[in-house]
Amino acid sequence: MTKYELNLQKLIRVEPISVVGQTDLSKFEDFHTMLAEVFPSLFAVCEKEEINGCMLLRWPGKSSAHPVLLMNHSDVVEVAGEWTHAPFSGDIADGQLWGRGTLDTKGGLWAMLQAADDLAAEGFVPKTDIWFESSCNEEITGEGAEHISYVLKERGIKFDLVLDEGFPVMSDESGRRSASIGIGEKGVTELEFIAESDGGHASRPPKNQPWVRLGRFMAAVEDNFDEIFPPKLNEATGTVQQTSIAFTVANGASGRNVLPRRASVIVSMRSSHHQTVDGSIESITKFAEKFGVKTEVLFHGETSALANVNSASYKGLVDIIKEEFGLDKVSAAIMTGATDACYMCKLTDCALRFSPFVETKAQHDTIHSIDERVSLDALPMAVELFKKVMKAVPFAC
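These remarks concern the structure in this document. (Residues numbered from 1 in each chain as written. Predicted model: local features only at pLDDT ≥ 70, side-chain atom pairs only at ≥ 80, totals over all residues. Heavy atoms only, no water.)

1. Examining the side chain of N137
Tracing the backbone shows N137 in the loop between β6 (128–134) and α5 (143–154). From its side chain, N137 meets the backbone nitrogen of G144 in a polar contact 3.0 Å long. Setting aside chain neighbours within four positions, we find N137 in contact with S18, Q22, D75, G142, E143, G144 and A145. (Helix = DSSP H or I, 4+ residues; strand = E, 2+ residues; numbered from the N terminus. Polar contact = N/O pair within 3.5 Å; in protein donor to acceptor, adjacent residues only side chain to side chain. Contact = heavy atoms within 4.5 Å.)

Printed below as a string of structure tokens:
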């Protein structure tokens, strides 16, 4: 077993599941203590802070001008279902290392810290300060990274580059690779649509019941989607962007023979940059009113700023990705999933999202599902990518 495999295995064997309402953050603090043991050369030269269960490191460079921030969260999602290998086993089989978080994103955290530890052990000193951030609640609220962003803002820190989890290098069945960099992400919003009535006995159902109104509303959303959420070409990515909406949870009466006084459906909405979170909420709220349905905002979210694709940091990262993975082209794209990077947009004009691993579709589909795993031969390339970034920054100088 190589050093890289052994160290990643150590991270995977720790259980850092985050749950809504968690108050005991000791397991995340213990995880950070373990990281210091796995990467002793890096932690010996870094200033470390624990902030509400999140970890912040600063690796002092030869200068503090034009600093950069590298991010990957520590927490993972639940592990329901039947796994081929236990979710926190870190088993090595079939040329892969198995376990929850290998791709999302303890694997990314390992890669960036491993790269820095290797360089620190060689006596390397970066040209500028390199910061590392790892939150404990990206999978549930994101409030850890949000809080840290305000802490850093109060200190007057402005980053040339922020690099967080994002699109991987995808490998198709023939081994051909493709890659994209996330230059922004859709604003995640949770809404509840509510239809009310006087209730009553199911033996005397009235016309236009709450569920009928909600059903008509949901069907009409699909039928009139482009009217509610107009698509538009995003010039930075060259692709058409559009707000999306998914109906996820239904609530009504608790009795089978009871008419609900209040029936509702909850949705996850991902707002496009051209319509924004507020614009998307306004549009769907007006549409719902036509069916006697009220709208309540459960979680507002925010539309992230778009990274400057003409910046030296963006172009520099593109060049490194091309070189490391043998690519002719790297595309700019908008993330549909949420990342902690959205909170750091106040600290940089170049918040980018990229995963350092080569993944197959089968592997990529295991994220937030069963049998999450990463190829062993992807590990050295992931570390090398971060090493090249650390040696190159700041790109603007």
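Past the structure itself, the notes keep going.
2. Overview of helix α11 (residues 379–392)
With 14 residues, α11 ought to run about 20 Å at 1.5 Å a step, and its terminal C-alpha atoms sit 20 Å apart, in line with that. Of all 14 residues making up α11, ten are buried, and the element is well covered by its neighbours. Looking only at α11, the buried set comprises L379, M381, A382, V383, L385, F386, K387, K388, V389 and M390. (Expected span 1.5 Å × (residues − 1). Buried < 20%, exposed > 50% of the residue type's maximum accessible area, 1.4 Å probe, protein only.)

3. Describing the sheet that holds strand β5 (residues 96–98)
Taken in spatial order, the three strands make up an open sheet running β4-β5-β19, and their pairing is antiparallel. Single-partner strands in this sheet number two, and they are β4 (92–93) and β19 (373–375). Bridge count between β4 and β5: two bridges; the pairing is antiparallel. Note that in β5 the partner of I92 across the bridge is L97. Against the sheet, helix α1 (residues 3–12) engages β4, β5 and β19, with an angle of about 20° to β5. (Pairing = 2+ DSSP bridges. Axes fitted to C-alpha atoms, helices over the stretch in contact; angles between N-to-C directions.)

4. A closer look at unusual backbone geometry
Backbone phi values are negative for most residues with the exception of glycine, while trans is the configuration of most peptide bonds. A cis amide bond links D104 to the next residue, T105, at an omega of -25°. Summarising the element assignment, T105 is placed in the loop between β5 and α4 (106–121). With an omega of 0°, the peptide bond running from V393 to P394 counts as cis. You can see P394 is positioned in the segment after α11. At D94, a position not held by glycine, the phi torsion is positive, near 55°.

5. Some remarks on the environment of M381
Within the secondary structure layout, M381 lies in helix α11. Discounting residues that sit within four places of it in the chain, M381 has contacts with R177, E324, F325 and V358.

6. A look at the environment of S26
Along the chain, S26 falls in helix α2 (residues 26–38). On the basis of relative accessibility, which here comes to 32%, the residue S26 falls in the partly exposed class. For the pair formed by S26 and Q363, sequence separation is 337 residues and the distance between their alpha carbons is 31 Å.

7. Considerations on the packing of helix α9 (residues 312–325) against α11
Across the interface, α9 lies against α11 with an axial gap of 10 Å and an inter-helix angle of 145°. The hand of the α9/α11 crossing is right-handed. Between α9 and α11, the residues in contact are L317, I320, I321, E323, E324 and F325 and M381, E384, L385, K388, V389 and A392, respectively. Residue composition of the contact of α9 with α11, grouped by class: eight nonpolar, no polar and four charged. (Left-handed = near helix turned anticlockwise from the far one by under 90°. Nonpolar A, V, L, I, M, F, W, Y, C, P; charged D, E, K, R; others polar.)

8. Describing the sheet that holds strand β13 (residues 244–251)
Within the open sheet, the four strands sit side by side as β13-β15-β9-β16. Their pairing is antiparallel. Each having just a single partner strand, β13 and β16 (294–299) make up the two edges of the open sheet. On average, each strand axis in the sheet is tilted by 25° relative to the strand beside it, whichever way the strands run. Two elements, strand β9 (residues 187–196) and strand β15 (residues 262–271), share ten bridges in a ladder whose sense is antiparallel. Across the sheet, the residue bridging to E190 is S268, located in β15. Along the sheet, helix α6 (residues 210–223) contacts β9, β13 and β15; its crossing angle with β15, the most-contacted strand, is approximately 20°. Along the sheet, helix α8 (residues 276–289) makes contact with β9, β13, β15 and β16, crossing β9 at roughly 15°.

9. What about the pairing of strand β1 (residues 47–51)?
Side-chain direction in a regular strand flips from residue to residue, so the side chains alternate between the two faces of the sheet. Sheet topology places β1 next to strand β2 (residues 54–59); five bridges connect them, and they run antiparallel. Its bridge partner being in β2, E50 is matched across the sheet by M55. Where β1 hands over to β2, the hairpin turn is made up of two residues, of which N52 adopts a positive phi near 55°.

10. Quick notes on the environment of T105
The class of T105 is buried, set by a relative accessible area of 2%. Taking the C-alpha atoms as reference, T105 lies 7.2 Å from E165; in sequence the two are 60 residues apart. Here T105 is in contact with N72, H73 and E165, once residues within four sequence places are set aside. At 3.1 Å, the side chain of T105 forms a polar contact with the backbone oxygen of H73.

11. Focus on the packing of aromatic side chains
Evaluation of the coordinates by the stated rule reveals ten aromatic pairs. Here W59 and F124 contribute two aromatic rings whose centre-to-centre distance is 6.0 Å and whose plane-to-plane angle is 70°, an arrangement assigned as edge-to-face. With a gap of 65 residues between them, W59 in strand β2 and F124 in the loop between α4 and β6 connect regions that are remote in the sequence. Of the residues examined, F124 reaches a relative accessible area of 23% and is grouped as partly exposed. Where F287 meets F291, the ring centres are 5.5 Å apart and the plane angle is 50°; that geometry is what we call tilted. Among the residues examined, F291 registers a relative accessible area of 22% and is labelled partly exposed. (Phe/Tyr/Trp six-rings, centres within 6.5 Å; stacked < 30°, edge-to-face > 60°.)

12. Some points on the side chain of E359
Within the secondary structure, E359 is located in strand β18 (residues 351–359). Despite its burial, E359 pairs with no opposite charge, the nearest such side chain being R373 at 10 Å. In this structure, E359 is in contact with L103, P168, V169, M170, S171, H364 and I367, ignoring residues within four places of it in sequence. (Lys, Arg positive; Asp, Glu negative; His and termini not counted. Salt bridge = Lys/Arg side-chain N within 4 Å of Asp/Glu carboxyl O.)

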